[in-house]
Structure formats: C-alpha cells, structure tokens
Amino acid sequence: MLAEIGHVELDRDGNPKESSPFINSSSSSDVEKSQQYDGKNMALFEEEMDTSPMVSSLLSSLANYSNLPQGSKEHEEAENNEEARKKPVQAPRMGTVMGVYLPCMQNILGVILFLRMTWLVGVGGVMGTFLIVFMCCSTTMLTAISMSAIATNGVVPAGGSYYMISRSLGPEFGGAVGICFYLGTTFAGAMYILGCIEILLVYIVPQAAIFQIEGLEGPEAEAGMLNNMRVYGTIVLSLMALVVFVGVKYVNKLALVFLACVILSILAVYAGVIKSAFEPPDFPICMLGNRTLMSKGLDICAKTIERGNSTVTTKLWRFFCDSEFLNATCDEYFTNNNVTQVQGIPGVTSGILAENIFSFFMEKNEILEKRGIPAVVDPDIPTTNANRYVLADITSFFTLLVGIYFPSVTGIMAGSNRSGDLQDAQKSIPIGTILAISTTSTIYMSCVILFGACVEGVVLRDKFGEGVNGNLVIGTLAWPSPWVIVFGSFFSTCGAGLQSLTGAPRLLQAIARDGIIPFLRVFGHGKANGEPTWALLLTASICEIGIIIASLDAVAPILSMFFLMCYMFVNLACALQTLLRTPNWRPRFKFYHWALSFLGMSLCLSLMFICSWYYAIVAMGIAGCIYKYIEFCGAEKEWGDGIRGISLSAARYALMRLEEGPPHTKNWRPQILVLVGLDGEQNVEQPRLLSLTNQLKAGKGLTIVGACVEGTYLNNHPQAQKADQSLRKLMETERVKGFSQVVISSNLRDATSHLIQAGGLGGLRHNSVLVSFPKNWKQAADNQRVRNFIEVVRETTAAHLALIVPKNISAYPSNGERFTEGHIDVWWIVHDGGMLMLLPFLLRQHKVWRKCKMRIFTVAQMDDNSIQMKKDLLTFLYHLRLDAEVEVVEMHDSDISAYTYEKTLVMEQRSQILKEMHLTKNEREREIQSITDVSRGSIRRKNPSNLHPQKSITEEPAGGSMEEKAEEEVQLIQGKNATPTPTSPTSPASLSVGAVTPGEEVQMTWSDDIDKGKNPAVANPETVRDMFNMKPNQSNVRRMHHAQKLNEVIVKKSQEAKLVLLNMPGPPKNRTGEENYMEFLEVLTEGLNRVLLVRGGGREVITIYS
C-alpha cells in the first residue's frame, strides 16, 4: 500500500511528478476523483477518502441496510455479493405482535398442554407441578432476558438464535450449540407428530389402528399401540416433508389458522372452568372399591339392576364373574367391594383442590385408586382381571415429570428467528418475547391450579381418559364440547410439526453455509430458490428416529436436553459479554445483569440433570465432540466472540500474576527465543533450528521465533511482512507452537539486541536463547557475523539468559527422523544451574530422540577422588529422577606440545594482523607471499625435525606438515575458505565450556597484550614480519592446551554419540581477543558431528525436591 502511494512517475520533461493520492487508482482518474470532492470542504482529507468515507456516505449506507433472508450467509460476507445487491429489497413489515408475540405463543403453547398437563397435575400434585412449571418458566424468562440483551446489541441478521450464540461464543461453541438447537428442533417435530397421531388414534378414530389392541393385555397392548404410532407417524412425517418441500409459503399461510386453533382451545378450557362453578359437566366415573374401572364396554355402573321383579346382572358382573348368573363364581375383590359412581368434574367450587394438592406417583401397571374410599383387599390374593381397571402406563417420578413438561416452554426463540422480517428487531424481540413468556407462564400456572380445583384426582391421573369414555381429559372440562379441544389440539400439533420441519433445515443450512463444520457443507446447497433440499432430507431422517421411539413421554426428555443446552449457552454468552465489558457490548435492552444470566445458566444445567442425567451426559458428549471437531478441522473464523475475549482477559490476568516474581525452580521451563537468519528472499536460512526447537518443547514453554531485517521501518515493512509469513509457514510445517517476531533496524546487530531485550511480554519472557554457531566464521566476509554472534553471547550473559548454540545445525535430525539407538552425551565441566541435565531429558521426550540413552561425563583433576565423584554423581542423578550412565574422566597434567604452542602462535598472529594491518585488499595480496614465507621460517625455527609434537587424535595431519598448517592459517587472511586441519571434518555444532579447572573457566577472557603501544596507522610489512617472531601469550597457550586435551578426551569417548552437550565458555570481556575465542570453541568441538554448546543463565533450573 505504501509502495503504491509513494510511487513516483516522470512527467514529459523528465521531472518527477506525484502519482495519484488514491489507493489502487490509475492516474487517469486523478482529475475525476479530485473534482469529486471539490466544493465539499474535504481537500484536507481527499487522500483518505477511499479508506475513510465521508460521514454522510456512511450514514446513507447504514440507513439503507436491511437484513438478509433467513438461512443466507452471514451479512459480512453477503455484502460483497453483487447479485444480492441487485435484487430489490422488500421492506420489512411485521411489528411486535405479528412478528414476535404470536409466533412465540404458537410455539410455546402446544402438545404437552393438551395431552399431558392434566396427567402431570394428577401425578405430581398441584404443588409439585406448580414448582416444575415455575422452574421451567423462570428458566425461559431468564434466558429471554439474556437473549434480549444479545439481540439488541447491534443488528441481528436472520438466523436468530444460532447467529447470536455463534457470534457471541465463537465458532466452536456456536457450531456445537447450533447442532444441539437443530437436533432439539428436529426432535420437537417428532414429538409434535407423535402427539398428532396419539390424538388421531386414541380420541378421534380409534378404529383406524392397524395393529388392533382389543383384548390384549400388558406388553402386547403396549407394543401394538407403539407400532401403530410408528406406522402412522412415518406416513404423517412423509406427508409433512412433502408439503415443506413443495412450498414453505403454504406453511406460513396456515400458521395463523393453527394459532387460532390453539387460542380457541385455551379459551374453551377457561370457559369450561367458569361454567363448572355453576353447572359442572356430567362425566361420572365407575369405581369398584377405590379402584377406577374402564368405562369402555360398560352399560351401567352397577353389579346388578332390578328389572321388573327380578335382579339382572350387568356387563360389569360378566367381566369379573364366570357367568351371568347370580350364583356365579366371582373375583374376590369384586365380591368384597361395592361399585360406586364418582363425578369426574366436580367443579371449581367443590373443594377437590385439597385432595389434589400433593403428589401421587405410581409404578407401571399399578391400578388407579382414589384416596379416601374404603376398600377390602386381601394381600395374599393376586389381582385378577387387571385389564378391566385403568392402569398406569409408565412409572412416574418427579424428574420424569420435569423432562416431559419442559418442551412445553420451549419456542421462545421463534421471534428472534424471524429477525429478518421485523420492522424494528431491537425493539420487537425483547418486548414480544418477554410478553409471550409472561402470557404463557400465566396460562400454565393458572391451568395447574384450575385443573387441580376442577377435576377428580383419578381422572387427572387417567392419561388417555379410559375412565371417562375415552375422552381427552382436558376436553371433559372444555365448553361447549370436548371436540373443540380434540380438533384444536390436533391442528395445532400438525402446525407445530410443520413449523419444526420448516425451521430445522434452514438452521442446518445456516450452519453449513458458515463453513465451520466441514462435513456438513453439502447441506448448505438447495433448490434454485434457496430451499434446503438436502437439509430437509437429513431432518426427516433424524425425525424418523424420534418416530421409531414412538413414545411421547420418551421423546420429550431428549429434546429437553438439546433445548436446555442451547438456553444455557445463551445465558453464558450474555454473562460473559457483561463481565468482560468489551467496548462493543452496548445493548439497547438495559434490564439485564450478569447474575441473572448465571442464575439462568445454573437452572438450565440443573434441569438437564434433573430431567435425565444420562441423556444430559450424552447431549454434552455430542456437543463436546462437535466442539473438538470444529477446533481441529473447522474453518478459522474470527467473529469477535466472547470466548476470544475470555482468552484476552485470562491472558492479561495470568500475565499480571506472573509479574509477582520469578518462577520457582520446579516451574522453570525453557522459554526459548530462536534467532534465525534470513536470505535475500526473506526465507529462513536454518530451518533445522525450528526442528530442534520442536524437539525441545516437551517443556511446553513459550517459543518466540525472531528474525531481523536491515533497513528502515517505512521502506522495509513489506519485507518484514514477507519474513513474518515465511516464519509462520515454517513454524506450522515444523509444528512449533509459538509466536513470530520480525524486527527492522538499521543494522542486524541492533535488531538482534532489540529482540533479546524486548521479546515477550511482562512475566512471560524468554529465559533461553537458541542461535546457531556461525558457519565459515574464518572467512573475512563473515567477520561481522562472528562479531554479532559474540555480542549475542555477551548480551545473554549480561541478561542472565541461558544460551543454546547448536553447531553444524544442518546435520541435526528433522522431526520425521528416528534414532533407533545411540547416546546423548553430556560433558559436565562446570555447573551452570542444571541446563545440561535438563536439555537431554526434554529431548528424550520427543520421538526423534526417545530411543537414545543418556550418558554423563565429568572431568576429574589430579587432586580429585574420581571414585567418590562417581558415587556422588550417581546419588545426585538418583535424586533428580534422571536415568543415565555416569563416567568420570581423569585428565592428568601434561607438557604443552609444540603443536599447541604453534597453533596458539598462528592464531595470535592472524588475530593481530587482522587488527593492526589496515592495508587495502590489493596491498594485502602483494604482501601475503612474504608473510607466508616468514611464517614458514618461524615455524621451522621453533619446530626442529628431531621434536615429535604430541598431536590430538583427530588433528594428526594426513600426510601433511606443520608448514602446510601455517600456510593454511595465513591464507585465511585473504578471505579464502580453508579448514583449520586437513583431516578435521566440517564440524557441526560447537559448544564448549571452557576449561578444565572450574573456578577459572566460568569467566574466561582472552586478551592480547602484544604490541599494545604500536600505532596501527604506521603498520608496514616489516612490522608484520616482526609479529611472527613474537612469543605467544602464555594464557592463550594454556587455554589452547586445555581445549585441545579436552577435545581429545571428548572425541575418544563420544565420537559415535548422536549428540554431545558441552558447557560453553564465556566470551572475552573486552573487544580484543574475539577471534581467539572462536578459535578455542572450534578446537574444543573439532571432530564431533553434532554438538550443543550450553551456557546457563545463572539460576538453578532443576531441583531434587518435589
């Protein structure tokens, strides 16, 4: 972008002229654009108009904004769709009553009210049922308050509840809850269809049953009824799906008709209650003792009747006796108890409420008995003729009642689902939803009390009205006729089923089109007009599962789970947004509080486990699986959701806690800053550094991958972005979880220093730096890189950071390789806080190094007891819980070999020449031959032929001579690439702890005291020749000797090791002697394939304590 704005063109005269101030514009449109803002007092801002429009333009676009049709993609993406713009926008027309209030009423009032409410009151008692209703209605009211706050916090496009939850809780929660809401709506469709079939087969046309249940008892009758439900349910489901497929417009047109049926039925019930106070309806119940008899097949409620002068037996007699004669043998209970008739609907003024106030739970196949009527029962005689009594079809208990009732309060999302058709959604959704819940809650609570006050207890507990001539129990109370309720409830359940089969596929389509669940994408497609054909097919298939279950009482708790989970997350979303106080959380609806949302969430969770703990676990398992699936496989979406807000708040809280002090040794883990180099294309030069980082990350600490770009921020920002993308891509390839950071500075040295100083945030900062050993460091072209490396060592030491330096990083294994055997050798020279012990342990957690064994070597001096040292080290490792072999290596003092002396001398000569000889390149080349000759002569003088120098194992020149060595050293002055010894392999990583005597080498420094008084400006070839006659610094000779001797021992013991870890000596305190430092590291690690030089940060990182 900056490059486009700052582009300079030349005019006809060749002078530079300004290019267009408009981004992504051609110069030909400059005049038009500049004229566009003439006379608008916008000259100051005309360059920014493309990215920052005028306020008037913004307001105009917002005023013309309209919601998209339901089931379409989220509005952010659809705004860019040109076809959508061309379509004429239809003005929204529905207000609060038609758009929210009545749809919510229709969805809330339904099948449970008509088919199960009286039974709930009879079994649970007025008090228990009132408690259930109050809990469920409180849950939905609190959820509606939370939903209103979310719905009024900005424009809610169509998609309703799914859109609100997903955009508030993020794609993972949104997808999981969206699927739960979809499954709940689908099973609700199955429940409505089952209710519809129950009304049809039990109350309207019982003779239509395919599987006849006449004369069947117990399980056989139950199985026949369920099979009838399955067959007819499948037929009705197919018809409904066909209607929805043909056209939704017919469903929408019939919605008001279905709603009218519901309201008419409820009014009929209230009218019947009022009428019962003056003239109760005549619905007698026949009782034998205190047992309720089935009215089907009875002609009169008596054992015998007087006809003329004779006593004649009734049909009831024949049911319980073996003949119709008076001397017949009859059932014991029938003989001992009288037949009485009880009024089924005594009326609201009868005082029956007192009998129905408490619960009356029953076991399956238990006979319905009336309280307060005496009965003679012989407990030793089994019950016979049980099919003539009204029996309980299921075992009832409080939690079952909650699960069956809760679906009758669902449907509160109907208004928000129509948000695309509302005139003012932010006003209509809260008012309409809360009013609808208030109205329906009042209806439910009043019905509980009125049913208990008007209807006899045994009638209430008679689920299918078998004691009242097969009438719908709520219908017996209605005025003017029970058929008003029967047909009203039949049509309302049909309508509710159609609404579910219409809404659920659109919800699935919205989820599929969001793209967060990959395997659902096929369901985002549909017919040309957008109807979700595939989603409808899946919905019908899932709905068929509910139909196969066939029992309304078994399906209701299933959909209760899914709806409760959905409502729980709505409350959670509101509570989170309120507590996080995100700047964008500004709902127009003000009557909310996080405590109310948490109370609603707690109620939802409690009701889930109250209804059915195993269904609750299954529902949570489904949601959890979907959550993890989206997390691993789903599309990355950033919706500004509350979960991201929680992450920010939690991160801030954790960072503030970390500021309280440094971590305890037990909590120490390597927080690594990886310093990588970039090539000309901004790609990483050493990708294996990140492989090693991944292998070290068993500590699960922080990882920052840092890179440096040379230049200025304004000019080199695109390169930095490219470098950052390159780092991220490589981190993803190498599976390194962490952060990338690219710093731009005028030189690489400062940029690296900035990374070391400023990396991390607060208490979460790096405590270790990983940087590769400079390759080809002896070349003059890489002199600056060597100086940068030494400065990194100095700065990490000053900052008390651990330093990890792999040498020959290209030889390290990738993450895909596996070592089937081998050793990781640790050479413990000086104690650095335990880093040397911890790193191999972390590496062995990774599959690359898992099969390698750990060996620890330590060096004993002349005055050390090596046997005791080994015992102590074994004890120490035992307490550290580390499994490793231990070996103590004894290093005896020996004379300094001539080779060591000469190597030190050549090292110092080269160092001195590089510092003091300020000749041009050409002059240097002219003088080099004479310098080489002098060097050879010097070496011959100091190395007579009769002296056989003691050489290291790997540094024995193969057929070479000391003269050749010296020549190679001198040739390095010319910048040519030469190896220090003819036979030494290209060493990988080099790490060394500097010396043999621990007290001396921790703060090793190297300085040159030679020719300090010389003036570099007067350097000439004679001066240079004199350097070759000087004696080497004794300190440097001693260090070279120790490095060489230690290298001999390490190569002898660890040459076959897969990795060698060494203590790394400290850098020189002053700037002189830097080249000597690199030479010592090179000698120390010569002949080893993979070396990891480790320098501790000055604190303990491993402990023996728990």
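Residues numbered from 1 in each chain as written. Predicted model: local features only at pLDDT ≥ 70, side-chain atom pairs only at ≥ 80, totals over all residues. Heavy atoms only, no water.

Viewed as axis vectors pointing N to C, helix α6 (residues 96–108) and helix α16 (residues 425–454) meet at an angle of 35°, and their least axial separation amounts to 8 Å. Crossing hand, α6 versus α16: right-handed. For the pair α6 and α16, the contacting residues are Thr 96, Val 100, Tyr 101, Cys 104, Met 105 and Ile 108 in the first and Ser 428, Ile 429, Ile 431, Gly 432, Thr 433, Leu 435, Ala 436, Ile 437, Thr 439, Thr 440 and Tyr 444 in the second. Here the contact of α6 with α16 is built from residues that sort into 11 nonpolar, six polar and no charged. (Axes fitted to C-alpha atoms, helices over the stretch in contact; angles between N-to-C directions. Helix = DSSP H or I, 4+ residues; strand = E, 2+ residues; numbered from the N terminus. Left-handed = near helix turned anticlockwise from the far one by under 90°. Contact = heavy atoms within 4.5 Å. Nonpolar A, V, L, I, M, F, W, Y, C, P; charged D, E, K, R; others polar.)

Moving on to the pattern of salt bridges. According to the stated counting rule, one finds 17 salt bridges in the structure shown. Between Lys 364 and Glu 222 there is a salt bridge, with the nearest N and O atoms lying 3.0 Å from each other. Pair noted here: Lys 364 is in the loop between β7 (339–343) and α14 (398–405) and Glu 222 is in helix α10 (residues 218–246), with a separation of 142 residues, a long-range link. Exposure remark for Lys 364: the relative accessible area of 39% places this residue in the partly exposed category. Classification of Glu 222 by relative accessible area gives partly exposed; the value is 35%. The partner of Lys 1053 in a salt bridge is Glu 887, with the nearest N and O atoms 2.5 Å apart. (Salt bridge = Lys/Arg side-chain N within 4 Å of Asp/Glu carboxyl O. Buried < 20%, exposed > 50% of the residue type's maximum accessible area, 1.4 Å probe, protein only.)

The strand order across the open sheet formed by three strands is β4-β3-β7, and the pairing between neighbours is antiparallel. The open sheet terminates on both sides in strands that have one partner only, identified here as β4 (291–292) and β7. In the sheet, strand β3 (residues 284–288) pairs with β4 via two bridges, with the strands oriented antiparallel. Paired with Met 287 across the two strands is Thr 292, which belongs to β4. (Pairing = 2+ DSSP bridges.)

The next thing to look at is the sheet that holds strand β17 (residues 1091–1095). Read from one edge to the other, the open sheet built from 10 strands follows the order β10-β9-β8-β11-β12-β17-β16-β13-β14-β15, with strand pairing classed as mixed. Looking at strand neighbours, the two that pair on one side only are β10 (739–745) and β15 (885–890), the edges of this open sheet. Shown here is a sheet whose adjacent strand axes are inclined to one another by a mean of 20°, direction ignored. In terms of strand pairing, strand β9 (residues 703–710) meets β10 through seven bridges, oriented parallel. Paired with Val 709 across the bridge in β10 is Ile 744. Relative to the sheet, helix α26 (residues 713–733) contacts β9 and β10, its axis offset from that of β10 by approximately 155°. Sheet strands touched by helix α27 (residues 748–758): β8 (672–675), β9 and β10. Its angle to β9, the strand with the most contacts, is close to 155°.

Here the focus is the nonpolar core. Ranked by internal contacts, the top residues of the largest apolar core, which has 163 residues, are Met 117, Leu 169, Met 191, Tyr 405, Tyr 444, Phe 451 and Phe 569. No other element matches the 26 residues that helix α9 (residues 160–204) contributes to this core. Within the second largest apolar cluster, 51 residues are counted, among which are Leu 696, Ala 707, Ile 744 and Leu 770. (Core = buried A, V, L, I, M, F, W, Y, C linked by side-chain atoms within 4.5 Å.)

All right, on to the side chain of Gln 426 then. With respect to the secondary-structure elements, Gln 426 resides in helix α16. Not counting the four nearest positions on each side in its chain, Gln 426 is found in contact with Ala 151, Thr 152, Gly 154, Val 155 and Arg 588.

In this model helix α11 (residues 248–278) runs 46 Å from its N-terminal to its C-terminal C-alpha over 31 residues, within 8% of the 45 Å that 1.5 Å per residue would give. Along its length, α11 shows its largest kink, about 35°, at Ala 255. (Expected span 1.5 Å × (residues − 1). Bend = angle between axes of the 7 residues up to and from the residue.)

This next bit is on the state of the cysteines. On inspection of all chains with the given rule, the structure shows two disulfides. Shown here is the disulfide that connects Cys 286 with Cys 301, its sulfur atoms set 1.9 Å apart. Handedness of the Cys 286-Cys 301 disulfide follows from its S-S torsion of about 90°: it is right-handed. Of the two residues, Cys 286 sits in strand β3 while Cys 301 sits in the loop between β4 and β5 (304–307), which places them 15 residues apart along the sequence. Here the two residues Cys 286 and Cys 301 agree in accessibility, since each one is buried. A sulfur-sulfur distance of 1.7 Å marks the disulfide that ties Cys 321 to Cys 330. Judged by the torsion about the S-S bond (105°), the Cys 321/Cys 330 disulfide is right-handed. (Disulfide = S-S within 2.5 Å.)

On to the pairing of strand β16 (residues 1059–1063), then. Here β16 lies mainly inside the structure; five of its five residues are buried. Here β16 shows no split at all, with Leu 1059, Leu 1061 and Asn 1063 on one side and Val 1060 and Leu 1062 on the other all buried. Summarising the sheet, strand β13 (residues 823–828) and β16 pair through four bridges and their orientation is parallel. Within the sheet, the bridge partner assigned to Asp 825 lies in β16 and is Val 1060. Taken together, the four bridges between β16 and β17 define a ladder with parallel strand orientation. Looking at β17, one finds that Leu 1061 is bridged to Leu 1092.

Turning to the confidence of the model for the protein chain, a few remarks are in order. Here the protein chain averages 77 in pLDDT, and 74% of its residues register 70 or above. Low pLDDT, under 50, characterises residues 917–922; the predicted model gives this stretch nine contacts beyond four residues in sequence or across chains. (pLDDT = per-residue confidence, 0-100.)

Turning next to the packing of aromatic side chains. Counted by the stated rule, this structure contains 23 aromatic pairs. Ring centres 5.8 Å apart and planes at 35° place the aromatic pair Trp 483 and Phe 487 in the tilted group. Pair noted here: Trp 483 and Phe 487 are both in helix α19 (residues 482–514), with a separation of four residues, about one helical turn. Owing to a relative accessible area of 43%, Trp 483 belongs among the partly exposed residues under this scheme. Positioned over the ring face of Tyr 333 is Arg 291, at 3.8 Å from the centre of the ring. (Phe/Tyr/Trp six-rings, centres within 6.5 Å; stacked < 30°, edge-to-face > 60°. Lys NZ or Arg CZ within 6 Å of the ring centre and 35° of its normal.)

The grouping of Leu 605, Phe 609, Trp 613, Tyr 614 and Ile 617 at the surface amounts to a nonpolar patch, some 520 Å² of accessible area in total. Secondary structure elements with two or more residues in the nonpolar patch: α22 (594–611) and α23 (613–633). It is α23 that contributes the most residues to the nonpolar patch, three residues altogether. Note that Tyr 614 resides in helix α23. We classify Tyr 614 as partly exposed; its relative accessible area is 46%. (Patch = residues over 30% accessible without salt bridge, like charges linked within 9 Å, V, L, I, M, F, W, Y side chains within 5 Å. Areas by Shrake-Rupley, 256 points an atom, 1.4 Å probe, with all protein chains shown as cover.)

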